[in-house]
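# Structural description and commentary
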Amino acid sequence: MTTLFDPVQLGDLSLKNRIVMAPMTRSRADAQDAPTDLHVEYYRQRATAGLIISEGTQPSLNGKGYCRTPGIHSATQIAAWRKVTDAVHAAGGLLVMQLMHVGRIAHPLNKAASAETVAPSAVTARGKMYTESGMLDFATPRALRTDEIPALIDEYRQATRNALAAGCDGVELHATSGYLPAQFLSSGSNQRQDAYGGSVAKRIRFVVDTLQAMIAEAGAGRVGLRICPGNPFNDLHDDDVAGTFAALLQAITPLKLAYLHLVYLPALPVDGLQLVQAHYQGPLIINDSLDFAKASDYIANGTTAAASFGRYFVSNPDLVERFRTGAELAPFDTTTLYADGPRGYIDYPPLPA
Ligand SMILES: Cc1cc2nc3c(=O)[nH]c(=O)nc-3n(C[C@H](O)[C@H](O)[C@H](O)COP(=O)(O)O)c2cc1C
């Protein structure tokens, strides 16, 4: 019987076990939007995971939405990420960088003065986000012109090149949680009538074209995609979630990605796992609210190649060892999730040897 502790091949990525660390924004980048020595230590501590997927990392100044999130668009950032990947590799781990462009989920106070808030259409998301001046409404985005979209896709291609230069083992396209790729996929936020909107085939095109640009740099075996069909987070709405994702999954299957990363929320009206099983062939990483028993079942019955865990990894750097020994899991402190500094970040101790 296959278990979480068995190795697995996802494209070009050879995982020593099937326990993946899910991407988690922790808001501790420095003033240059670069990771610091704290990141080096945080990711090094978690390198016993079969694969680490980094916190969402912006491919460009425009892609930034939240305070203190890192980027991968400057030489300083590349050099800083290199220290992270060197530490993870020295500890026997792998790190894929999650590329996250927030699109309209942004506020000018959280990004460079020269940066813009752009999205498929000039439709403001309802809701507020944290800024240094408190909780403020999301900005109204400027709709991208058709002739700007190739340059936007090229941001992801260049970011992929930069991630590889920083020693990352691959890249993951963040296409859920209401951020830019999800805004293109969904009819509520994508009201375009050009090659990137208007029909399902045109709404999925941005994600497919972006994946192809990432593949051109890294090869398909080092590119992953994260989705969560029907997730309404950040005011996302699509008139036909099942139709959109059936088309997307059929379109990406021939790309032969390293993996598809599914955030599976069974309570949603559309069953994301059924959609994936009906329309996608290729390695799967499944996520959300899994515990050891549930993830083990998914692996044993062949539902998924690997399982990712987010919150457990916050406070259990040695999660793999705790699963192996059945040890108790430490709870995490919610007040330090996004707080700057080492507290609640690198000070959760592993179990005594
Ligand atoms: C603090 C925190 C930050 C997160 N940041 C991201 C992110 O940057 N990108 C992303 O795709 N998901 C992000 N997520 C979602 C997690 O990857 C994961 O889907 C979620 O925590 C559910 O998995 P879990 O039940 O194992 O924690 C974040 C979750 C948490 C708790």
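Notes on the structure in this doc start here.

Thresholds, definitions, all that
- Residues numbered from 1 in each chain as written.
- Predicted model: local features only at pLDDT ≥ 70, side-chain atom pairs only at ≥ 80, totals over all residues.
- Heavy atoms only, no water.
- Near = heavy atom within 4 Å.
- Polar contact = N/O pair within 3.5 Å; in protein donor to acceptor, adjacent residues only side chain to side chain.
- Areas by Shrake-Rupley, 256 points an atom, 1.4 Å probe, with all protein chains shown as cover.
- 1 Å grid on protein atoms, 1.4 Å probe; cavity = no way out; pocket = protein on both sides within 12 Å on 5 of 7 lines; lining within 4 Å.
- Sits in = over half its atoms within 2 Å of the grid points.
- Helix = DSSP H or I, 4+ residues; strand = E, 2+ residues; numbered from the N terminus.
- Expected span 1.5 Å × (residues − 1).
- Buried < 20%, exposed > 50% of the residue type's maximum accessible area, 1.4 Å probe, protein only.
- Contact = heavy atoms within 4.5 Å.
- Pairing = 2+ DSSP bridges.
- Axes fitted to C-alpha atoms, helices over the stretch in contact; angles between N-to-C directions.

Turning next to the site of the ligand. The local shell around the ligand holds 16 residues, among which Pro-23, Thr-25, Asn-287, Ser-289 and Arg-311 are the closest. Take Asn-287: an N or O atom from its side chain is 2.6 Å from an oxygen atom of the ligand. For the ligand, an oxygen atom lies 2.8 Å from a polar atom in the backbone of Gly-310. Alone, the ligand offers 610 Å² of accessible surface; in the complex the protein occludes 87% of this. With respect to the pocket detection grid, the ligand is positioned in the largest pocket.

Below, the discussion takes up helix 2 (residues 75–90). Look at helix 2: 22 Å from first C-alpha to last across 16 residues, which is about the 22 Å you get at 1.5 Å a residue. Residues of helix 2 that are buried: Gln-77, Ile-78, Ala-80, Trp-81, Val-84, Thr-85, Ala-87 and Val-88. For helix 2, the elements touching its buried residues are helix 1 (37–45), strand 4 (51–57), strand 5 (95–99) and helix 3 (149–165). Looking at the residues trailing helix 2, positive phi occurs at Gly-92, about 85°.

The next subject is the sheet that holds strand 13 (residues 284–287). In spatial order, the strands read 3-4-5-10-11-12-13-14; together these 8 strands close into a barrel with parallel pairing. Pairwise comparison of adjacent strand axes, ignoring direction, gives a mean angle of 25° for this sheet. Pairing of strand 11 (residues 223–227) with strand 12 (residues 259–263), which is carried by 4 bridges, proceeds in the parallel orientation. Within the sheet, the bridge partner assigned to Gly-224 lies in strand 12 and is Tyr-259.

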